[in-house]
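Breakdown of the fold
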Amino acid sequence: MPSSELTGTREEVDFARAGSVRLDHVTHRYGQGGEVFTAVGPVDLTVPSGEFLVLVGASGCGKSTLLRLIAGFERPTDGSVRVSGAEPRPGRTAGVVFQTPRLFPWRTVRGNIDLALRYAGVDRARWPERRAELLARVGLEGTEKRRVWEISGGQQQRVAIARALAAENPLLLLDEPFAALDALTRERLQEDVRRVTDRTGRTAVFVTHSAEEAVFLGSRIVVLTRSPGTVALDLPITLPRGDIDAEELRVSREFAELRAQVSHAVKAAAAA
Amino acid sequence: MERDTGSVTGQGVGRVRRRVHHPRRRAGLQRHHLVEHLGISLRRIAIGAGLGIALGVLFGLLMGTVGWLRSLFEPWITFLRTLPPLAYFSLLIIWLGINEEPKVTLLAVAAFPPVAVSTTTAVAAVPKSLIEAARALGASRWDVVRDVVVPSALPETLTGVRLAVGVAYSSLVAAELVNGLPGIGGMVKDAANYNNTPVVLVGIIAIGVSGLIIDGLLLRLERAVVPWRGRA
């Protein structure tokens, strides 16, 4: 339905709703016939525009499936998924950062960003400016000409984030993007992601199994039960956002309490 | 092509003098220097293998992306691949005559399967994760083919090209069995008819060495075109 999406109903072009996510009774099953496996559902969830939602759960609880449904890579078996009021379409409704960087090895850092800009329909004349801006946003100035295998894993994931931001989609989806990184790099990238989304007012849905990561990043945390995943806990996080000292936040008592609470909920949900 | 007609193999050196338009007609073996024989053969390989490779890449791309096309063509390609070139050479002579056409066609038919098979495999094995990454960035179907499938299949396709050139090379003598002069394969065959072992050996060495050089060039090309090979 590209034409209806282009013209849009009033609801769809309403800027306040841009980036909002709405899951109505969503269930997703894999397989056919006798070997059907229910990965997730039923889940009802509304993510208002500008929220940083973190989905937490033990591995195999269907959190990645939920993200794939929101990204539009898969259609739910039952129920409906809405992003900004319309059916999600890959590459049109959300920027996605995967667990691994998934960069194109035949292109340089610059080539990877440029490809994203081209797909996003950015005018070629504006590429250099936009490219520099995106790389600066993830702290990768001066790496344009490097081959992707010449930079570290953390830098690769930064390129992937810059690439996902290229289209300036109002929604950003991240699927355990820092799981494979060392603790130091992970914390730095968490801070970067928090800053980027805060500054641009983007909606974000972030999947992780780490309670610590969830509490640090989220403005709201949803804990999923064991497969098939359903909502076990829905917790708003009131920790300060914006320009804050991340180190101070991490060692604060509130942070520790929330982390314990979430960690507890995750274990309880996994055991249930 | 018409300059070949006076020198059908096996007619001996005595007929050589009939040839009038060649400026140095008495020089070289069978009226041609080794370099000329080799040059003509390389030209045939360039045209024949080039055609086969181009077709192979095209078929590979189609077969790797469209399942039913693969089921349709793969048995035929396997059939073709197992045939020794000599088996179908007579057919090509009957259908296409004795000039350049059957030679070039034989080399094309020999070069086609390795490229088609390797490209098909490579295209079918393109990481789904990269295709998904491109789609997540807003790539259209065509964008995915151009920016992900083709570059991702390139290393293996180039291996197929090297194999194809090798197969074309090993079919050279067969291709030049009939009316192969000038041509290095024809030269070897002609010399064999006269038990001329030194010329046969020279021909074999010339074929082998030039093959080695060409493979070396292809290898350099591969390194230049796919520097990411083995790194990602």
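Small disclaimer: the values here were computed from a predicted structure and weren't measured.

Structural notes on the environment of S252 of chain A
Residue and element names in this part refer to chain A. Position of S252 relative to the elements: it lies in the loop between α9 (246–251) and α10 (253–271). For S252, a count of 14 C-beta atoms within 10 Å translates into the label partly exposed. Sequence separation between S252 and A162 is 90 residues, and the spatial gap between their C-alpha atoms is 30 Å.

A word on the UniProt feature "domain: ABC transporter" (unreviewed entry) in chain A
In the numbering used here, UniProt assigns the "domain: ABC transporter" (unreviewed entry) feature to residues 21–251 of chain A. Across residues 21–251 of chain A one finds 32% helix and 25% strand; the C-alpha atoms that close the span lie 32 Å apart.

Focus: the pairing of strand β7 (residues 203–208) of chain A
All names here are of chain A. Of all six residues in β7, six are buried; the element is thus mostly enclosed. Burial of the side chains of β7 extends over both faces: T203, V205 and V207 are buried on one face and A204, F206 and T208 on the other. As paired elements, strand β3 (residues 52–56) and β7 share five bridges and run parallel to each other. Bridge pairing in β7 links V56 to T208. Note that strand β6 (residues 171–175) and β7 share five bridges and pair parallel. Opposite D175, over in β7, you have V207 as the bridge partner.

Let's talk about the interface of chain A and chain B
Taken together, the contacts link 19 residues of chain A with 16 residues of chain B. Among the elements that line the side of chain A that touches chain B, the one with the most residues is helix α4 (residues 109–119) of chain A, at three residues. Here the side of chain A that touches chain B is built from residues that sort into 15 nonpolar, one polar and three charged.

Considering the packing of helix α1 (residues 34–65) of chain B against helix α9 (residues 197–225) of chain B
All names here are of chain B. For the pair α1 and α9, interaxial distance at closest approach is 11 Å and the crossing angle is 50 degrees. Looking at the two axes, α1 sits oblique to α9. Relative to α9, the crossing made by α1 is right-handed. For the pair α1 and α9, contact is made by L34, L38 and L42 and by V202, A206 and S210, respectively.

Section: the sheet that holds β6 of chain A
Residues and elements named next belong to chain A. Strand order in this open sheet of six strands is β5-β6-β7-β3-β8-β9, and the pairing throughout is mixed. The sheet is open, and its two edges are formed by β5 (95–97) and β9 (231–236), each paired on a single side. Here the average twist between neighbouring strands, direction ignored, is 15 degrees. Here strand β8 (residues 220–224) runs beside β9; their pairing, made up of five bridges, is antiparallel. Following the sheet pairing, V222 is matched in β9 by D234.

Digging into helix α3 (residues 63–71) of chain A
All names here are of chain A. Counting buried residues along α3, nine of its nine residues qualify, which places the element largely inside the surrounding structure. All of the buried residues along α3 are K63, S64, T65, L66, L67, R68, L69, I70 and A71. Backbone geometry just downstream of α3 places G72 in the positive-phi region, at approximately 90 degrees.

What to know about the packing of α1 of chain B against helix α6 (residues 141–170) of chain B
All names here are of chain B. The contact between α1 and α6 brings their axes to 10 Å, and the two run at 140 degrees. For the element pair α1 and α6, the recorded crossing hand is right-handed. Only T157, G160, V161, A164, V165, A168 and Y169 of α6 make contact with α1, whose side of the interface consists of I45, G48, A49, G52, I53, G56, V57 and G60. Counted by class, the contact of α1 with α6 contains nine nonpolar, six polar and no charged residues.

Re the domain arrangement of chain A
All names here are of chain A. Entries for chain A in the domain assignment read domain 1 (17–94 + 170–272) and domain 2 (102–168). Here domain 1 and domain 2 have C-alpha centroids that lie 25 Å from each other. Taken together, the contact between domain 1 and domain 2 spans 11 residues of the former and 10 residues of the latter. If one sorts the elements of the side of domain 1 that touches domain 2 by residue count, helix α7 (residues 183–200) sits on top with five residues. Its residues assigned to classes, the side of domain 1 that touches domain 2 comprises eight nonpolar, two polar and one charged.

What counts as what
Residues numbered from 1 in each chain as written. Chains lettered and ligands numbered in written order. Predicted model: local features only at pLDDT ≥ 70, side-chain atom pairs only at ≥ 80, totals over all residues. Helix = DSSP H or I, 4+ residues; strand = E, 2+ residues; numbered from the N terminus. Buried ≥ 20, exposed ≤ 12 C-beta atoms within 10 Å, placed from the backbone. UniProt positions renumbered as here; feature names shortened; annotations may be inferred. Pairing = 2+ DSSP bridges. Contact = placed C-beta atoms within 7 Å. Nonpolar A, V, L, I, M, F, W, Y, C, P; charged D, E, K, R; others polar. Axes fitted to C-alpha atoms, helices over the stretch in contact; angles between N-to-C directions. Parallel < 35°, antiparallel > 145°, perpendicular 65-115°, else oblique. Left-handed = near helix turned anticlockwise from the far one by under 90°. Domains from an automatic or database assignment.

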